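What follows is the residue order along each chain.
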Amino acid sequence: MNANDLTTIDVTLGTRSYPVWIGRGLLGDSARWRARLRGRHALVVSNTTVAPLHLERMTKGLEGLAWSSFLLDDGEAHKSFANVERVLAALAELGATRDACVIALGGGVVGDLAGFSAACWMRGIDFIQMPTTLLAMVDSSVGGKTGVNLPAGKNLVGAFHQPRAVVADIDTLATLPDREYRAGLAEVVKGAAIGDEPFFAWLETHADALAARDDDAVIEAIARKVRYKAGVVARDETEQGERALLNLGHTFGHALETAGRYTALLHGEGVAVGMLLAARLSERLGMSAAADTARLRRLLEKLGLPVVVPPGMDAQQLLALMRLDKKNTAGQLRLILWRGIGKAEIVGGVAESEVLAVLQAAVAA
Ligand code: NAD
Ligand code: GLY
């Protein structure tokens, strides 16, 4: 694939189907994305880091419309109800009608909050995702999960609300810090590890190119992950079954993120270590081979991702945090495990003693 080419992947959901465009220069290619706007009003939601870097290029394309922008402060702490209210106030100020569109320009924090605000205004208006982190391009901008955090926990409030289009302009990645870029690669590996062994093998072959941010490799990796996720979302939009597989490594990962007070590990880094712990547990339960765990670890290491639990964490504390996961049912741990690369499964009733043994070995390593 050539980096100048445009890749289009459709998320097929009947009348709510939408394109994911992946390529260079797409923010400035307003003729393409403006065709997805139905009305005369647009509110651009971004944040104080992304806006100075990328906002102007896209707002040139809003000429002739009634539009304004709302900027969040940067950080997960600002994915809050209070900011949803502020976005809704900005829509009111703009005089936004039911055919208005919210445009999210930023990472997953901006996309989740802007999408949820769009879901709330007049019981649901259009929104367009313009993801500017690798994580948002390959995961959060696709599939319609929107929401905000509460003091009681992350993503506890939200709605399924699909965007009208996803505009993934890889030029925006030029300003993304390396650590954030690598965290996005963890979400790419996750898709392959769950359900696409040939993609996993491709990632092994192209790990050096991806670590070096080679454009062609990055576009191909985004496209393959998005194609995989789009298929899952089309089959199970509201997570009644298969979509839960997309959470491989999340139960361990969220516990690690929380134990690290959201500073020791980025979300994608928690997913990387979490996937490895899920692989070790699968191996311990006789579901998968040690060779699969070793392949996963090697790939994560090649991509510069963490593969060990940060120092100072306690196995019992991590287990207690895992008990709070939304996937659990009636006091039983329900985890996404695997039968090897590309073969993830939902497993209920996992014995806590087995999970604890994996955690104890990991914190002692
Ligand atoms: P983020 O939005 O916080 O972005 C990470 C950092 O990169 C921020 O500091 C941001 O300002 C900065 N940034 C963004 N684009 C940049 C650019 N082009 N150049 C320079 N800096 C840039 O984090 P994220 O990793 O993108 O997303 C994490 C969020 O996504 C979490 O809230 C998580 O819950 C959510 N999420 C949602 C879904 C979903 O399906 N909706 C899936 C995965 C994650
Ligand atoms: N990030 C998991 C999902 O979209 O379902």
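The structure this text deals with has already been given above.
All values reported here derive from a predicted model rather than from experimental measurement.

S.K.: Help me understand helix H10 (residues 250-259), please; the structure alone is not making it clear to me.
M.R.: Helical geometry note: an α-helix holds 3.6 residues per turn, so side chains three or four residues apart project in the same direction. Burial within H10 is extensive, with 8 of its 10 residues counted as buried. Residues of H10 that are buried: His250, Thr251, Phe252, Gly253, Ala255, Leu256, Glu257 and Ala259. Close packing links the buried residues of H10 with strand S8 (153-160), helix H6 (178-195), helix H11 (267-284), helix H13 (315-322), strand S10 (333-338) and helix H14 (352-364). Two residues or fewer after H10 comes arginine 261, characterised by a positive phi angle close to 50°.

S.K.: Which parts of the structure should I look at to understand unusual backbone geometry?
M.R.: A negative phi holds for most residues other than glycine; trans holds for most peptide bonds. Positive phi values are uncommon outside glycine, yet arginine 213 reaches one of about 60°. Positive phi outside glycine occurs at arginine 261, with the angle close to 50°. Inspection of the secondary structure puts arginine 261 in the loop between H10 and H11.

S.K.: Is there a simple way to think about the pairing of strand S9 (residues 165-169) in this case?
M.R.: Each regular strand carries side chains that alternate between the two faces of the sheet. Counting buried positions along S9 gives 5 out of 5 residues, so the element sits mostly inside the fold. Residues Ala165, Val167 and Asp169 of S9 are buried on one face, and the alternating residues Val166 and Ala168, pointing to the opposite face, are buried as well. Two elements, strand S2 (residues 18-23) and S9, share 4 bridges in a ladder whose sense is parallel. Of the residues in S9, the one forming a bridge with tryptophan 21 is valine 167.

S.K.: Is there a simple way to think about the site of ligand 1 in this case?
M.R.: Looking at ligand 1, there are 26 residues lining it, with Glu76, Gly108, Thr132, Thr133 and Thr175 nearest. Lysine 154 places a polar side-chain atom, nitrogen or oxygen, 3.4 Å from an oxygen atom of ligand 1. Of all elements in the fold, only helix H2 (50-59), helix H4 (108-120), helix H5 (134-140) and S8 reach the threshold of two or more residues within the shell around ligand 1. Among the residues forming the shell around ligand 1, the class breakdown is 6 nonpolar, 11 polar and 9 charged.

S.K.: Which parts of the structure should I look at to understand a nonpolar patch on the surface?
M.R.: A surface patch of nonpolar side chains, amounting to about 240 Å² of accessible area, comprises Phe81, Leu150 and Leu156. Residue placement: phenylalanine 81 occurs in helix H3 (residues 81-94). For phenylalanine 81, a relative accessible area of 39% puts it in the partly exposed group.

S.K.: Looking at this model, I keep getting lost on the packing of H10 against H11. Mind explaining?
M.R.: Two quantities define a packed helix pair, namely the angle between the helix axes and the distance between the axes. It is at 7 Å that the axes of H10 and H11 come closest, and there the two elements cross at 130°. As far as their axial angle goes, H11 and H10 are oblique. Crossing geometry of H10 relative to H11 is assigned as right-handed. Here His250, Phe252, Gly253, His254, Leu256 and Glu257 of H10 lie close against H11, whose contacting residues are His267, Gly270, Val271, Val273, Gly274, Leu277, Ala278 and Leu281. Of the residues assigned to the contact of H10 with H11, the class counts are 7 nonpolar, 6 polar and 1 charged.

S.K.: Explanation requested: the pairing of strand S11 (residues 344-350) in the structure shown.
M.R.: Sheet analysis places S10 next to S11, joined by 5 bridges and oriented antiparallel. Paired with leucine 337 across the bridge in S11 is glutamate 345. Hairpin remark: S10 followed by S11, antiparallel, with 5 residues in the connecting loop; positive phi at glycine 340, about 120°.

S.K.: Mind showing me how you'd approach the pattern of salt bridges here?
M.R.: Think of it this way: side chains of opposite charge can pair up when their charged atoms draw near. Scanning the entire structure with this criterion turns up 24 salt bridges. Between arginine 213 and aspartate 178 there is a salt bridge, with its nearest N and O atoms 3.2 Å apart. Residue arginine 213 is found in the loop between helix H8 (207-211) and helix H9 (215-235), and its partner aspartate 178 is found in helix H6; the two are separated by 35 residues along the sequence. By relative accessible area, aspartate 178 is classed as partly exposed at 47%. Among the ionic contacts, a cluster of salt bridges with common partners joins Asp139, Glu187, Lys190 and Lys229.

S.K.: Hey, could you run me through the site of ligand 2 in this one?
M.R.: Near ligand 2 the following residues occur: Asp139, Lys145, Lys229, Glu239, Arg243 and Leu246. Separating a nitrogen atom of ligand 2 from a side-chain N or O atom of aspartate 139 is a distance of 3.1 Å. In this structure, arginine 243 approaches ligand 2 through a side-chain N or O atom, which is 2.7 Å from an oxygen atom. Across the complex, the protein chains shield 88% of the 200 Å² of accessible surface that ligand 2 would expose by itself. Tallied by class, residues from the shell around ligand 2 come to 1 nonpolar, no polar and 5 charged.

S.K.: So what exactly am I meant to see when it comes to the packing of aromatic side chains here?
M.R.: How two aromatic rings sit relative to each other is given by the distance of their centres and the angle of their planes. For the structure on display, the rule yields 2 aromatic pairs. Ring plane angle 70° and centroid distance 6.3 Å describe the contact between phenylalanine 81 and phenylalanine 116, whose orientation is recorded as edge-to-face. You can see phenylalanine 81 sitting in helix H3 and its partner phenylalanine 116 sitting in helix H4, a full 35 residues away along the chain. Taking the centre distance of 6.1 Å and the plane angle of 40° together, the rings of phenylalanine 199 and tryptophan 202 count as tilted. Highlighted residues: phenylalanine 199 and tryptophan 202, both in helix H7 (residues 197-205), separated by 3 residues, approximately one helical turn. Accessibility classification places phenylalanine 199 together with tryptophan 202 in one group, the buried group. Over the ring of tryptophan 21 we find arginine 32; its NZ or CZ atom is 5.9 Å from the centre of that ring.

S.K.: Quick question: what am I supposed to make of the packing of H7 against H9 here?
M.R.: Remark: H7 packs on H9, axes separated minimally by 11 Å, with the N-to-C direction vectors making an angle of 165°. With respect to their mutual orientation, H7 and H9 come out roughly antiparallel. When the axes of H7 and H9 are compared, the crossing they make is left-handed. On H9, the residues that touch Pro198, Phe199 and Trp202 of H7 are Ala217, Glu220, Ala221, Arg224 and Lys225. Of the residues assigned to the contact of H7 with H9, the class counts are 5 nonpolar, no polar and 3 charged.

The rules we used
- Residues numbered from 1 in each chain as written.
- Chains lettered and ligands numbered in written order.
- Predicted model: local features only at pLDDT ≥ 70, side-chain atom pairs only at ≥ 80, totals over all residues.
- Heavy atoms only, no water.
- Buried < 20%, exposed > 50% of the residue type's maximum accessible area, 1.4 Å probe, protein only.
- Helix = DSSP H or I, 4+ residues; strand = E, 2+ residues; numbered from the N terminus.
- Contact = heavy atoms within 4.5 Å.
- Pairing = 2+ DSSP bridges.
- Near = heavy atom within 4 Å.
- Polar contact = N/O pair within 3.5 Å; in protein donor to acceptor, adjacent residues only side chain to side chain.
- Nonpolar A, V, L, I, M, F, W, Y, C, P; charged D, E, K, R; others polar.
- Patch = residues over 30% accessible without salt bridge, like charges linked within 9 Å, V, L, I, M, F, W, Y side chains within 5 Å.
- Areas by Shrake-Rupley, 256 points an atom, 1.4 Å probe, with all protein chains shown as cover.
- Salt bridge = Lys/Arg side-chain N within 4 Å of Asp/Glu carboxyl O.
- Axes fitted to C-alpha atoms, helices over the stretch in contact; angles between N-to-C directions.
- Parallel < 35°, antiparallel > 145°, perpendicular 65-115°, else oblique.
- Left-handed = near helix turned anticlockwise from the far one by under 90°.
- Phe/Tyr/Trp six-rings, centres within 6.5 Å; stacked < 30°, edge-to-face > 60°.
- Lys NZ or Arg CZ within 6 Å of the ring centre and 35° of its normal.

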